[in-house]
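# What the coordinates show
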Amino acid sequence: MSTHTLSLLEAVREGLADEMERDPRVVLLGEDIGRLGGVFRATDGLLDRFGAERVIDTPMAENAIAGIAMGLAMRGLRPVAEIQFADFMHAAMDHIVGEAAKLRYRTAGDWTAPMVVRTAYGGGFRGGPYHSQSVEAFYSHVPGLKVMAPSFPDDAKGMLTAAIRDPDPVVFLEHKRTYRAITGPVPDGEHVVADGRLRVARPGDALTIVGWGMMLHEALAAADELAGDGIEAEVLDLRWLLPIDREGLLESLGRTGRLLVVHEDTLTMGLGAELCALAAEAGVLQAPPARVAMPDAGGIPVADAMEDAMLPNRHQVVEAARRLVSSPGNGEVRPGGPGRGSWFDAAIPEASSVIEVRLPEVHLELVMAAVAEACRAVPQSNATFTWEAIRLHDQLSVDLDLGPLSPARGGGTFTLVDYGLGGSLLGLPAVRPGQTAALRVGAVRDGRAYVALAVDHRAVDGADAGRFLATLKRCLEE
Amino acid sequence: MAASTSTDTNVEVLRRMMLIRAFDSLLPDLYTRGLIRGSSHAAIGQEAVAVGACAALAADDYITSTHRGHGHTIAKGGDVNRMMAELMGREDGYCRGKGGSMHIADFSIGMLGANGIVGGGFGIAAGAALSARLRKSGQVALCFFGDGAINQSSFHGVANLAGIWKLPLILLCEDNRFAMSGRAEQMIAGGDPVKRAQAYGFPGVSVDGMDVLAVRAAVAEARVRALAGDGPTLVVAACYRFQGHFSGDTQSYRSKEEMAPWLERDPIPAFRSRLLAEGGLTEAEADALEEEVATSIAEALEFAQASPWPEAAEAWEDVDG
């Protein structure tokens, strides 16, 4: 099969243009899509090619755009509406969720709304709270819709073509960062991807990582890094967010038994929850599933450090994957992982706090001393929790985890994790059974590092954790 | 700050217009140099609307702003240092680096927020107006919005409510002729947007948005009506966006010939000449004003660049109560 190379954005444009050539019923509508060619240039040149009756510039009225698309669809056309930013789509939700999604069902199958609503979503380019949101969970909750989120140019074209031909409404999510960052081969000629199946972006057997959009590419980068440690992750490009390819997911999990979901949408009630539930219900998991997602905050900050800290990234995926393959599983010890059966207890209610400190690159002794001081200031962080009492330890015995080559031994009264300069900037440690706290030092950059403290919330409360970190910071920086 | 902070004087009106022009003129360069975080929108050419409208308001009256909001903040008496710091995503910014240009808010001066959503301010302004009535506070709320937003359903929902409840609300449409690339004459049904007021049973007033005193007079009249319990007014100020919608806009949707007559009517030189002619200002004072504004802006740049970056961990602050 011969191919040509396109960016994801170009693939969207080609998909629109090719289908407009083939099918005169296809019309585009949206804000600034005509003369301007769209803010991201997805429709660049299409007005000249197809004319103003098929490439329609609309007023700023997202709800009307969605409603009109539905009316067009109900009466024989194949509209593709563009909502400029996913953040603006909340205003259109009424017609998408309240009307279009329900049409087939409420007319007992007599009518359908074969419409596509395309939108640009996602952060990572300093867009701030009004131009960075991911909206997949909102729409994936709606029976009657299909939700697609391609991660590669060939899928962008093939799935968009399928979306236009679909008899029901489709929300088509295009991650802004993939528009120009992701290029790849696209089959020449007519290209339709309508199978509704997920895509195995990288085969593996140690664990299954599921992502889509830009996070899929972060997952792939993480898988490369994990492969260096001998951990072969299977990376699944979910791409059909509604309906989910349950069979494809369970097939992979049947082999790996371990699930890690990565999404840029916020954690709570996100798609990760649904994927974990599907896996849990099917009984295919050998260890508790894990999620890496945007924290539950009211927006995505504009300032570099804050946005970077919030956006899920490959380092967090690597971290979570390592933890997942190290977890003991259902009584089984897996080859390849550290596999010491008792060091991870999912039942410990953990809370984590992070602080930034000045730190030299060589710092282990300094950190050990500071941990000792902080444990003296907050004795319940060097303790064992039991339901009867919190037992404080007289002595501090630090169990050091210096990475896969020198992992924690599983003893001690406190765990200190430090993967050195090759580790991630910010990772959260796990509290080990029998302990109440663990500290992780991130990689030092420009003389600074993030230090994360995880505590057993039954023994150490938030204020104590704050005191611990404040003491630690003072000791380190003095 | 040496100058008066009250817009009672025409000189202060001119100074604020000049300050907006100087502030927004920096945006392309700052953007190119990678100093601004997120997109920002310049209100160059529209200064008379922002300053004229706010000059007619009391210090504790409310405004809601738009994505093109720096001018509104300056006109209401906001702090250019904190605004510049926010544009650069710094710790001393209005939102401590969490928002950027489209999130500037300063409740201490009644500035209830810029807004990245076209039409996002209508409900907020109407709610603030209703609160003023319920609290019997004697305040009014003024909602700035563009000719693009007047087509959002949120305009119509709020205009109707404001009409039936006779809210102390001023709907100020900055008709700069473009909703991004969409031309007002192609996007607004019924021609002149001011006619929409009639449908909701309150007055619609057209005003020359390039004439700052005309805008001030129109809003002052609307404010009197609002405080008298006679309800809202739609003020449509005809103006023109001299620059692109955002830094990097190719502006393929308009011609130089079309822009020329508007550029000739630049509100700032026009008002300056008028004050000089009427004796309210001397050449020397005008030059000193220029200099003072340039200094303010230079200080704002210095302030913003000296402001630290927010710590990454601050991203987790203010998540919940």
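Treat the numbers as computed from the prediction; the structure is a model and nothing was measured. Residue numbers restart at each chain and count upward from 1, following the sequence in its written direction. Chain labels run from A onward and ligand labels from 1 onward, assigned in the order the entries are written. Given that this is a predicted model, residues contribute local features only at a pLDDT of at least 70 and side-chain atom pairs are listed and counted only at 80 or more, while totals for whole chains, interfaces and linings are drawn from all residues. Hydrogen atoms and water are omitted, and side-chain values are computed over all heavy atoms in the structure.

### Notes on the pattern of salt bridges
Where charged atoms from two side chains of opposite charge approach closely, those side chains can pair. Residues and elements named next belong to chain A. The working definition used for a salt bridge is a side-chain nitrogen of Lys or Arg within 4 Å of a carboxyl oxygen of Asp or Glu. Tallied over the entire structure, the rule returns 60 salt bridges over all chains. Of the charged contacts, one joins D18 and K157 as a salt bridge, the two residues approaching to 2.7 Å between their closest N and O atoms. Pair noted here: D18 is in helix 1 (residues 8-22) and K157 is in helix 7 (residues 153-165), with a separation of 139 residues, a long-range link. A simple rule labels every residue: compare its accessible area, found with a 1.4 Å probe on the protein chains alone, to the largest value its type can have, and call it buried under 20%, exposed over 50%, or partly exposed in between. Classification of K157 by relative accessible area gives buried; the value is 1%. For R202, the salt bridge goes to D224, with nearest N and O atoms at 2.6 Å. Numbering goes from the N terminus for both helices and strands, where a helix is a DSSP run of H or I of at least four residues and a strand is a run of E of at least two.

### Focus on helix 14 (residues 364-377) of chain A
All names here are of chain A. For helix 14, built from 14 residues, the straight-helix expectation of 20 Å at 1.5 Å per residue is met to within 8% by its first-to-last C-alpha distance of 20 Å. Within helix 14, burial applies to V367, A370, V371, A374 and C375. The buried residues of helix 14 occupy an angular sector of 140° when the element is viewed end-on, so they sit on one face. Facing away from the buried side of helix 14 by over 90 degrees, the exposed positions are E365 and R376. Expected span, for any helix, means 1.5 Å times one less than how many residues it has. By construction, the arc corresponds to the directions joining the helix axis to the C-beta atoms.

### Quick look at the side chain of T256 of chain A
All names here are of chain A. Relative to the elements of secondary structure, T256 occurs in helix 10 (residues 246-256). A residue is classified by how much of its surface remains accessible, and T256, at 0% relative accessible area, is buried. Here a polar contact is recorded for every N or O atom pair within 3.5 Å, except that within protein the pair must consist of a potential hydrogen donor and a potential acceptor, and residues adjacent in sequence are included only if both atoms are side-chain atoms. Within the structure, the side chain of T256 is placed 2.7 Å from the side chain of T208, a separation counted as a polar contact.

### Looking at the sheet that holds strand 1 (residues 62-64) of chain B
All names here are of chain B. The pairing criterion is simple: DSSP has to find at least two bridges between the two strands. Overall, parallel pairing links the five strands, which are arranged 1-2-3-7-6 in an open sheet. Every other strand in the sheet has two partners, leaving strand 1 and strand 6 (204-208) as the edge strands with one partner each. Ignoring strand direction, the axes of neighbouring strands in this sheet form an average angle of 20°. Direction of pairing for strand 6 relative to strand 7 (residues 233-238): parallel, over a ladder of five bridges. Among the inter-strand pairings, D208 is bridged to a residue of strand 7, identified as A238. It only takes one pair of heavy atoms within 4.5 Å for two residues to be counted as in contact. Angles run from 0 to 180 degrees between N-to-C directions of axes, and those axes are lines fitted to C-alpha atoms, restricted for helices to the stretch in contact. Packed on one face of the sheet, helix 3 (residues 47-55) meets strand 1, strand 2 (141-146), strand 3 (169-175) and strand 7 and runs near 170° to strand 2. Most of the contacts of helix 10 (residues 212-227) go to strand 6, to which it runs at about 160°, and overall it touches strand 2, strand 3, strand 6 and strand 7.

### Side note on the domain arrangement of chain A
Residue and element names in this part refer to chain A. Segmentation into domains, and thus their bounds, comes from an automatic or database assignment. Partitioning chain A into structural domains gives domain 1 (3-187), domain 2 (199-344) and domain 3 (348-477). Using C-alpha coordinates to define each centre, domain 2 is positioned 25 Å away from domain 3. A 1.4 Å probe defines the accessible area here, and the buried area is the portion of it lost by two parts on being joined, summed over both. Where domain 2 abuts domain 3, roughly 1,000 Å² becomes buried across the two surfaces, and 54% of that area is made up of carbon and sulfur atoms. Linking domain 2 with domain 3 are one salt bridge, by the criterion used here.

### As for the layout of surface pockets
A cavity, in this analysis, means grid points on a 1 Å lattice covering only the protein atoms where a 1.4 Å probe fits yet has no way out; a pocket is instead an open set bounded by protein on both sides within 12 Å along at least five of seven lines, and a residue lines either one if it has an atom within 4 Å of a point. Grid points are joined across faces, edges and corners, and a volume is the space filled by probe spheres set on the points. The computed volume of the largest pocket comes to approximately 1,600 Å³. Along the walls of the largest pocket sit 40 residues, with L267, R291, R323, S352 and L428 of chain A positioned nearest its centre. Looking at the lining of the largest pocket, the elements that each hand over two or more residues are strand 14 (290-294), helix 12 (304-310), helix 13 (314-326) and strand 15 (350-358) of chain A. Both domain 2 (199-344) and domain 3 (348-477) of chain A contribute no fewer than three residues apiece to the lining of the largest pocket. The calculated volume of the second largest pocket comes to roughly 770 Å³. Taken together, 34 residues line the second largest pocket, and the ones lying closest to its centre are F40, F85 and F125 of chain A together with S39 and F246 of chain B. Looking at the lining of the second largest pocket element by element, the count peaks at three residues for helix 8 (residues 176-181) of chain A. Only Asp, Glu, Lys and Arg are considered charged in this grouping, and only Ala, Val, Leu, Ile, Met, Phe, Trp, Tyr, Cys and Pro are considered nonpolar; every other residue, Gly among them, is considered polar. Residue composition of the lining of the second largest pocket, grouped by class: 13 nonpolar, 13 polar and eight charged.

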